[in-house]
Amino acid sequence: MEIILKEDVRHLGHKNDIVTVKDGYANNFLFPQGLAILATASAKKQLAETIKQRAHKEEKLIADAKAIAEKLNAVSVTIPTKVSASGKIYGSVNNIQVAEALASQGFEIDRRKIELKDADKVNEIGTYDAVIDIYRGVEATVKVIVVDEEGKVTEKKEAAE
């Protein structure tokens, strides 16, 4: 089924993209949530007109997004957490904590646009990467430093000791 997205949908597309999805996904999730509409001929015409009118605004949005990406690429955030004696953290570090740390540095980023690389491996103190989807095709990478509550970055203890 061909649909037009009304909002950005993670791992599917951005607003005003025309994508093909399975009927059940569209009928049971996208349409009821108001995230998409059916891509009829009239809807496609209306979309083409909207895109044509917003073409010059789009260039400015992309330029602004690239400027923000450059600033974010130079940023690193430190997240203190409870740590065991072996260097394993209690709980996990997630995108909400990264968004709050960025907000404290003056960057208001929606937590849903932050994806921790190897999120299943963020169980020890150390440095990790978080990818932020700023705008269509414009991404930034932020260094996330996980430390213990005292702020110390202690090295991981070897299991062989």
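Here, every reference points to the structure presented above.
Residues numbered from 1 in each chain as written. Predicted model: local features only at pLDDT ≥ 70, side-chain atom pairs only at ≥ 80, totals over all residues. Heavy atoms only, no water.

## Side note on the overall build of the protein
For step 1, the next point in the chain: A count of helices and strands for the protein gives four helices and seven strands.
For step 2, the next point in the chain: Reading the secondary structure of the protein in the N-to-C direction produces β-β-α-β-α-α-β-α-β-β-β.
For step 3, the next point in the chain: Here the C-alpha radius of gyration of the protein, 20 Å, is well above what a compact globule of 161 residues would show, namely 15 Å.
For step 4, the next point in the chain: Considering only C-alpha atoms, the protein reaches an extent of 70 × 35 × 25 Å along its principal axes.
For step 5, the next point in the chain: The buried share among the 161 residues of the protein stands at 33%.
For step 6, the next point in the chain: Summing over all exposed atoms, the protein offers an accessible surface of approximately 10500 Å²; the carbon and sulfur share of this is 50%.
For step 7, the next point in the chain: Taken as two groups, the 24 positive and 26 negative side-chain charges of the protein have centres that lie 6 Å from each other. (Helix = DSSP H or I, 4+ residues; strand = E, 2+ residues; numbered from the N terminus. Rg over C-alpha atoms; globule rule 2.2 N^0.38 Å. Buried < 20%, exposed > 50% of the residue type's maximum accessible area, 1.4 Å probe, protein only. Areas by Shrake-Rupley, 256 points an atom, 1.4 Å probe, with all protein chains shown as cover. Lys, Arg positive; Asp, Glu negative; His and termini not counted. Charge placed at Lys NZ, Arg CZ, Asp CG, Glu CD.)

## Regarding the sheet that holds strand E3 (residues 36-38)
The strands making up a sheet are joined through hydrogen bonds of the backbone, oriented either antiparallel or parallel.
For step 1, the next point in the chain: Read from one edge of the open sheet, three strands run E2-E1-E3, paired in antiparallel fashion. One side of each edge strand has no neighbouring strand; the edge strands of this open sheet are strand E2 (18-20) and E3. When the angles between neighbouring strand axes are averaged without regard to direction, this sheet yields 40 degrees.
For step 2, the next point in the chain: In terms of strand pairing, strand E1 (residues 2-5) meets E3 through three bridges, oriented antiparallel. Counterpart to isoleucine 4 in the pairing with E3 is isoleucine 37.
For step 3, the next point in the chain: Seen against the sheet, helix H2 (residues 41-53) touches E1, E2 and E3 and runs at an angle of roughly 35 degrees to E1. (Pairing = 2+ DSSP bridges. Axes fitted to C-alpha atoms, helices over the stretch in contact; angles between N-to-C directions. Contact = heavy atoms within 4.5 Å.)

## A few points about the pairing of strand E7 (residues 138-148)
For step 1, the next point in the chain: In this sheet, E7 lies alongside strand E4 (residues 76-81) in parallel orientation, the contact comprising six bridges. Pairing of valine 77 across the sheet is with valine 144, part of E7.
For step 2, the next point in the chain: In the sheet, strand E6 (residues 126-135) pairs with E7 via nine bridges, with the strands oriented antiparallel. The residue bridging threonine 127 from the neighbouring strand is isoleucine 145, located in E7.
For step 3, the next point in the chain: Linking E6 back to E7 in an antiparallel pair, the connection comprises two residues, with glycine 137 at a positive phi of about 75 degrees.

## Section: the sheet that holds E6
For step 1, the next point in the chain: Pairing within the open sheet is mixed, and its four strands lie in the order E4-E7-E6-E5. A single partner strand is all that each edge strand has here, and the edge strands are E4 and strand E5 (114-116). The mean inter-strand angle of the sheet, taken between neighbouring strand axes irrespective of direction, is 30 degrees.
For step 2, the next point in the chain: Its contacts with the sheet place helix H3 (residues 55-73) against E6 and E7, and it is angled at close to 25 degrees to E7.

## As for the environment of lysine 117
For step 1, the next point in the chain: Inspection of the secondary structure assignment puts lysine 117 in the loop between E5 and E6.
For step 2, the next point in the chain: Classification of lysine 117 by relative accessible area gives partly exposed; the value is 47%.
For step 3, the next point in the chain: For the pair lysine 117 and lysine 143, spaced 26 residues apart in sequence, the C-alpha to C-alpha distance is 10 Å.
For step 4, the next point in the chain: Other than its neighbours up to four places away in sequence, lysine 117 contacts Val122, Asp129 and Val131.

Treat this as a map of the structure, not an account of what it does.
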